[in-house]
Amino acid sequence: MTETRETRPVEDPGPEPDRSSRRGLLHRVMRYLPLVAPVLLWAVPCVVLLHTGQQWPLAVTLAGTALCVLGLVGMPVAMVRGHGRRQSDGAAILGTTLLGGIWVLFTWSVLLGALLRPALAVADIGDGQDRARIVTWAVLAVSAVLLAYGLVEARRVPRVRRVEVPLPRLGPGLDGTRVVLITDTHYGPLDRARWSARVCEKVNTLEADLVCHTGDIADGTAERRRAQAAPLGTVEATRARVYVTGNHEYYSEAQGWVDLMDELGWEPLRNRHLLLERGGDTLVVAGVDDVTAEASGLDGHGAHLAGALRDTHPDHPVLLLAHQPTFVHRAAAGGVDLQLSGHTHGGQIWPFHYLVRLDQPAVAGLSRHGARTLLYTSRGTGFWGPPFRIFAPSEITLLVLRSTRTAEAARD
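These figures come from a predicted structure and were not determined experimentally.

(A) Up close: unusual backbone geometry. The residue after Trp350, namely Pro351, is reached through a cis peptide bond having omega 5°. We note that Asn271 has phi near 60°; this positive angle belongs to a residue other than glycine. Assignment of secondary structure puts Asn271 in the loop between strand S5 (267-268) and strand S6 (272-278). Of the residues examined, Asn271 reaches a relative accessible area of 13% and is grouped as buried. Backbone geometry places Asp311, a non-glycine residue, at a positive phi of 70°. Topologically, Asp311 is positioned in the loop between helix H8 (305-308) and strand S8 (318-321).

(B) A look at the packing of aromatic side chains. Applying the stated criterion across every chain, the model contains seven aromatic pairs. Ring plane angle 85° and centroid distance 6.0 Å describe the contact between Trp56 and Trp137, whose orientation is recorded as edge-to-face. With a gap of 81 residues between them, Trp56 in the loop between helix H1 (17-50) and helix H2 (58-83) and Trp137 in helix H4 (residues 128-155) connect regions that are remote in the sequence. Judged by centre distance (6.4 Å) and plane angle (75°), the rings of Tyr187 and Trp195 are edge-to-face.

(C) Main features of the sheet that holds S8. Reading across from one edge, S6-S7-S8-S9-S11-S10 is the order of the six strands in this open sheet, with mixed pairing throughout. Looking along the sheet, the strands with just one partner apiece sit at the ends: S6 and strand S10 (365-369). Averaged over all adjacent pairs, the angle separating strand axes in this sheet is 20°, with direction ignored.

(D) Inspection of the side chain of His323 at higher detail. Looking at the secondary structure, you find His323 in the loop between S8 and helix H9 (328-333). By relative accessible area, His323 is classed as buried at 1%.

(E) Representation of the pairing of strand S3 (residues 210-213) within the structure. Residue alternation in S3 divides its side chains into two sets, Leu210 and Cys212 and Val211 and His213, and both sets are buried. Judged from the four bridges that link them, strand S2 (residues 177-182) and S3 form a sheet pairing that is parallel. If you follow Leu181 over to S3, its bridge partner there is Cys212. The β-α-β motif built from S2, the intervening helix H5 (residues 193-204) and the parallel element S3 has right-handed crossover chirality. Where S3 lies against strand S4 (residues 240-243), four bridges are found, and the strand directions are parallel. Looking at S4, one finds that Leu210 is bridged to Ala240.

(F) Just the side chain of His369, in detail. Following the sequence through the fold, His369 ends up in strand S10. Within the local environment of His369, its side chain forms a polar contact with the side chain of Ser367, the two groups lying 2.8 Å apart. The residues touching His369, leaving out its near neighbours within four places in the chain, are Val328, Ala332, Pro361 and Leu375.

(G) Representation of the pairing of S4. Residues of S4 alternate between two faces, with Ala240 and Val242 on one and Arg241 and Tyr243 on the opposite face, all of them buried. As for the winding sense of the linkage, the β-α-β connection from S3 through helix H6 (residues 222-229) to S4 is right-handed. As defined by bridge partners, S4 adjoins S5 across two bridges and the pair is classed as parallel. Looking at S5, one finds that Tyr243 is bridged to Pro268. Viewed along the sheet, the connection from S4 through helix H7 (residues 254-263) into S5 turns out right-handed.

(H) Representation of the sheet that holds strand S1 (residues 159-167) in the model. Ordered in space as S1-S12-S2-S3-S4-S5, the six strands form an open sheet in which the pairing is mixed. Two strands bound the open sheet, and with one partner strand each, they are S1 and S5. Sheet strands in contact with H5 are S1, S2, S3 and strand S12 (395-403), and its direction is about 20° off that of S12.

(I) Representation of the pattern of salt bridges. In total, this model carries 15 salt bridges according to the counting rule given. Put simply, Arg156 and Glu153 hold a salt bridge, and the shortest N to O gap is 3.1 Å. The residue Glu164 makes a salt bridge to Arg402 at a minimum N-O spacing of 3.4 Å. Of this pair, Glu164 sits in strand S1 while Arg402 is found in strand S12, placing the two residues 238 residues apart along the sequence.

(J) The packing of H2 against helix H3 (residues 89-122), seen in detail. Two numbers describe how H2 lies on H3: the axes approach to 7 Å, and their chain directions differ by 135°. By the angle between their axes, H2 is oblique relative to H3. For the pair H2 and H3, the crossing hand works out as left-handed. Contact with H2, carried on its side by Met75, Ala78, Met79, Arg81, Gly82 and His83, involves Ala91, Ala92, Leu94, Gly95, Thr96, Leu98, Leu99 and Ile102 of H3 and no other residues of that element. For the contact of H2 with H3, the per-class residue count stands at nine nonpolar, four polar and one charged.

(K) Quick look at H7. Along H7, the residues classified as buried are Ala254, Trp257, Val258, Leu260 and Met261. When H7 is viewed along its axis, its buried side chains cluster within an angular range of 165° and face the same direction. Packing partners of the buried residues in H7 comprise H6, S4 and S5. Downstream of H7 by a residue or two, Gly265 has a phi angle that is positive, lying close to 95°.

(L) Highlighting H3. Its 34 residues place the ends of H3 49 Å apart at the C-alpha level, agreeing with the 50 Å of an ideal helix rising 1.5 Å per residue. In the structure, H3 departs most strongly from a straight axis at Leu112, where the bend amounts to approximately 35°. Backbone geometry just after H3 places Asp124 at a positive phi near 55°.

Rules and cut-offs
- Residues numbered from 1 in each chain as written.
- Predicted model: local features only at pLDDT ≥ 70, side-chain atom pairs only at ≥ 80, totals over all residues.
- Heavy atoms only, no water.
- Helix = DSSP H or I, 4+ residues; strand = E, 2+ residues; numbered from the N terminus.
- Buried < 20%, exposed > 50% of the residue type's maximum accessible area, 1.4 Å probe, protein only.
- Phe/Tyr/Trp six-rings, centres within 6.5 Å; stacked < 30°, edge-to-face > 60°.
- Pairing = 2+ DSSP bridges.
- Axes fitted to C-alpha atoms, helices over the stretch in contact; angles between N-to-C directions.
- Right-handed = clockwise from strand over helix to strand, strands pointing away.
- Polar contact = N/O pair within 3.5 Å; in protein donor to acceptor, adjacent residues only side chain to side chain.
- Contact = heavy atoms within 4.5 Å.
- Salt bridge = Lys/Arg side-chain N within 4 Å of Asp/Glu carboxyl O.
- Parallel < 35°, antiparallel > 145°, perpendicular 65-115°, else oblique.
- Left-handed = near helix turned anticlockwise from the far one by under 90°.
- Nonpolar A, V, L, I, M, F, W, Y, C, P; charged D, E, K, R; others polar.
- Arc of directions from axis to C-beta.
- Expected span 1.5 Å × (residues − 1).
- Bend = angle between axes of the 7 residues up to and from the residue.

Here's what the structure looks like:
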């Protein structure tokens, strides 16, 4: 891997105006969401399951209401103790598990409360009390099944998702280049050292030329999560293992993670690039810090595409690592061919992906942005917070880069 000498003029434009206003609205909503959301999350299921004509025995109604009030008070307290200064892993596990559970209960209370009850009335099944109780049991049953399913999905080793990516500017010598993407491992309060080792073992079966980690390695400092991250040192690639920071690194001493990944043999692409060369052709492999880096106050940290592509040849195709899909607007303006990102988790717990879509241009999969730029957004390899994945399976991604010049030559 070497650095080129010729110059590629690149500017880092700001966000597009329409997305800027959209994100501004989202940020205003998010300012008040922490105050309103917990009340809604606990109050809606409480009302739907207990207070809409079920006429449960008084003891059941009081006990259920008390549990909801306890959850409403206890969840934020546990979250603060788990993710605040104290960093209590036990409190973090309790708080995030309650968050995932109540999100599912809230979702299906709304859906089944709005759809099942009228359907029962149209079908003339039971009286008002019967219908209310059927809705309650249906919500509890669906939520229990989905949470059990989601727990298994979150804890398993991800399946491999293979994607062929045509790149018109990729030279024939690099046709078939195998790029493995892992991201959002989120090593955290639940010890997943064995899971981490099994993920790395699976990666090593894919015979990758290049292995990429696009950030959010862990929740917690490198010192605290070292044992879970250590298996990353066993990952194999014929050319390089490269890494960029995610937003969660900037909550947990990002430089410590950069140093640990370097120690484990990964190349931190902090606004810089490497060259992958084969058969007389060249691919620029570049990376930028996460877009939250500049606000972190850490010296030298910030997302700078111009720095990442400095001295690269303008005719060489570019593969860019950037944690958040939203960076693709700058990437497209800078002439990047393919951006690899994570961050979204595919929504993680349905239907949260609808909210993610308000903040990001893509939630999962391959998408085109502008005339040249492709974006691949991974659903993530691990999970954040709630130990559930519902209709948003985790993934290890194998991207096979294809040269369209090779296909054209074969046709000729």
